[in-house]
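Okay, here's what each chain looks like letter by letter:
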Amino acid sequence: MRKYLAISLIVLMVFSVFLLSCQHKIQVKKVRIGILGKSVHPYWDVVRLGMEEAARKLDVDATFFVPPTEDVPKQIETLETWISMGFNGISFAPSDPDAVIPVIKKATNKGIFCISQDTDAPKSGRLCYIGTGNYAAGKIAGKKMAEILNGKGKVAICTGSLTAMNSLERMQGFKDAVAEYPEIKIVDPILVDNEDTAKAVDLAETALLNNPDLAGFFGVYAFNGPSAAKAVKSAGKQGKVHIVAFDTTDEHLFMIKDGLIDAAIGQRQYFMGYLSVVVLRDMIQAGKDATMMLMPKTQTNDTIIDTGVDIVTKDNLADYVKMMDQWGVKHEFKP
Ligand code: BGC
């Protein structure tokens, strides 16, 4: 009898442990993360697409937000909201890397894992950066411009920001590359539009009026190339003023096909969104150290995932679009 009692007790204990573990699984909350971008633009739709795809596959609760145009206070306010909502991880693209330091430190102190994507903020204490190596990519753009201009001519630089690191690094890389060509001159001032497309077109039109001999535009952000192209077209200067620009939205691809944009430096922002989810989810579930251990380190022991770029011209447009299809990046453009 005693033997039976002991066996039934053991069976009961095992069963209740099993029940408890089921209950535990049911109660486990989904990992909650937020991805913060810089401005409403088709460029950021692709980041969001990557985020949604990874969140679906990994069962993560992911939120995406971009302010209408570059807006540092709005970015900080959003980060504050996510902290108070108890998010577990944040991937942010700061329009001003210094301005976000206090809020990122606050999030980190509360145990929220913070990483940067698209544009970096190394002094914020973020755990890693996922995105383009912007200095090197700016150099590629500069070399391409020099090749297109046969090493001579006046070039205007258009950008959306004078604070975001990606803009500053791209411009520096570009200037360093063209500095090897003494007959290429960068026009003053740099055209800054705070990611406002209408302003970007206006500034490009004024630059064309002030510099009748302008030979090229370097578009630093996604909307800069197409904005400069619109100004060039309405001034009837297509083919006379060349454009090298970052990014490959449908608008860029149509303009490359039409010969309005000479070359685009295509970022792989789908992976910035996708990998942000993968890395944050891993940090939250497997632990920060276990995740960091597997990630690539720079010579200064920083953790950076360089997502790479593609140089797109009329010649490789069809192959590039095929590659976008393989990645699952949605686009309307069909070569
Ligand atoms: C940049 C982003 C920017 C976007 C839209 C991209 O080239 O990487 O930081 O917000 O253009 O302008």
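Details of the structure are given in the entry above.
> Before we move on, could you go through the pattern of salt bridges and cite the residues and values that matter?
One pass over the full model with this rule turns up 16 salt bridges. Here Glu195 ties to Lys38 by a salt bridge, and the two come within 2.9 Å at their closest N and O atoms. Here the residue Glu195 occupies a position in the loop between β8 (191-192) and α7 (197-210), and Lys38 occupies one in the loop between β1 (32-36) and α2 (42-58), the gap between them amounting to 157 residues. Lys38 matches Glu195 in its accessibility class, with the two residues each being buried. One network of salt bridges, with partners in common, ties together Lys38, Glu70 and Glu195.

> Talk me through the site of the ligand; I want residue IDs and the actual numbers.
Around the ligand, the structure places 13 residues, and the nearest of them are Lys38, Trp44, Asp118, Arg170 and Asp247. Note that an oxygen atom of the ligand is positioned 3.5 Å from one of the side-chain N or O atoms of Tyr43. The separation between an oxygen atom of the ligand and a polar main-chain atom of Ala222 is 3.0 Å. Coverage of the ligand by the protein amounts to 100% of the 310 Å² it exposes when considered alone. Here the ligand occupies the largest cavity. Counting residues per element, the ones that place at least two in the shell around the ligand are α2 and α6 (165-178).

> Please set out unusual backbone geometry residue by residue, giving values where relevant.
Glycine aside, residues mostly have negative phi, and peptide bonds are mostly found in the trans state. Of the consecutive residues Asp188 and Pro189, the connecting peptide bond is found in the cis state with omega at -10°. Inspection of the secondary structure assignment puts Pro189 in the loop between β7 (184-186) and β8. Despite not being glycine, Asp59 has its phi angle at roughly 55°, a positive value. As for its position among the elements, Asp59 is in the loop between α2 and β2 (61-65). If you check the backbone angles, Asn150 has positive phi at about 50° while not being a glycine. By secondary structure assignment, the location of Asn150 is in the loop between α5 (134-148) and β6 (153-159). According to the relative accessible area criterion, Asn150 is exposed, its value standing at 66%.

Parameters at a glance
- Residues numbered from 1 in each chain as written.
- Predicted model: local features only at pLDDT ≥ 70, side-chain atom pairs only at ≥ 80, totals over all residues.
- Heavy atoms only, no water.
- Salt bridge = Lys/Arg side-chain N within 4 Å of Asp/Glu carboxyl O.
- Helix = DSSP H or I, 4+ residues; strand = E, 2+ residues; numbered from the N terminus.
- Buried < 20%, exposed > 50% of the residue type's maximum accessible area, 1.4 Å probe, protein only.
- Near = heavy atom within 4 Å.
- Polar contact = N/O pair within 3.5 Å; in protein donor to acceptor, adjacent residues only side chain to side chain.
- Areas by Shrake-Rupley, 256 points an atom, 1.4 Å probe, with all protein chains shown as cover.
- 1 Å grid on protein atoms, 1.4 Å probe; cavity = no way out; pocket = protein on both sides within 12 Å on 5 of 7 lines; lining within 4 Å.
- Sits in = over half its atoms within 2 Å of the grid points.

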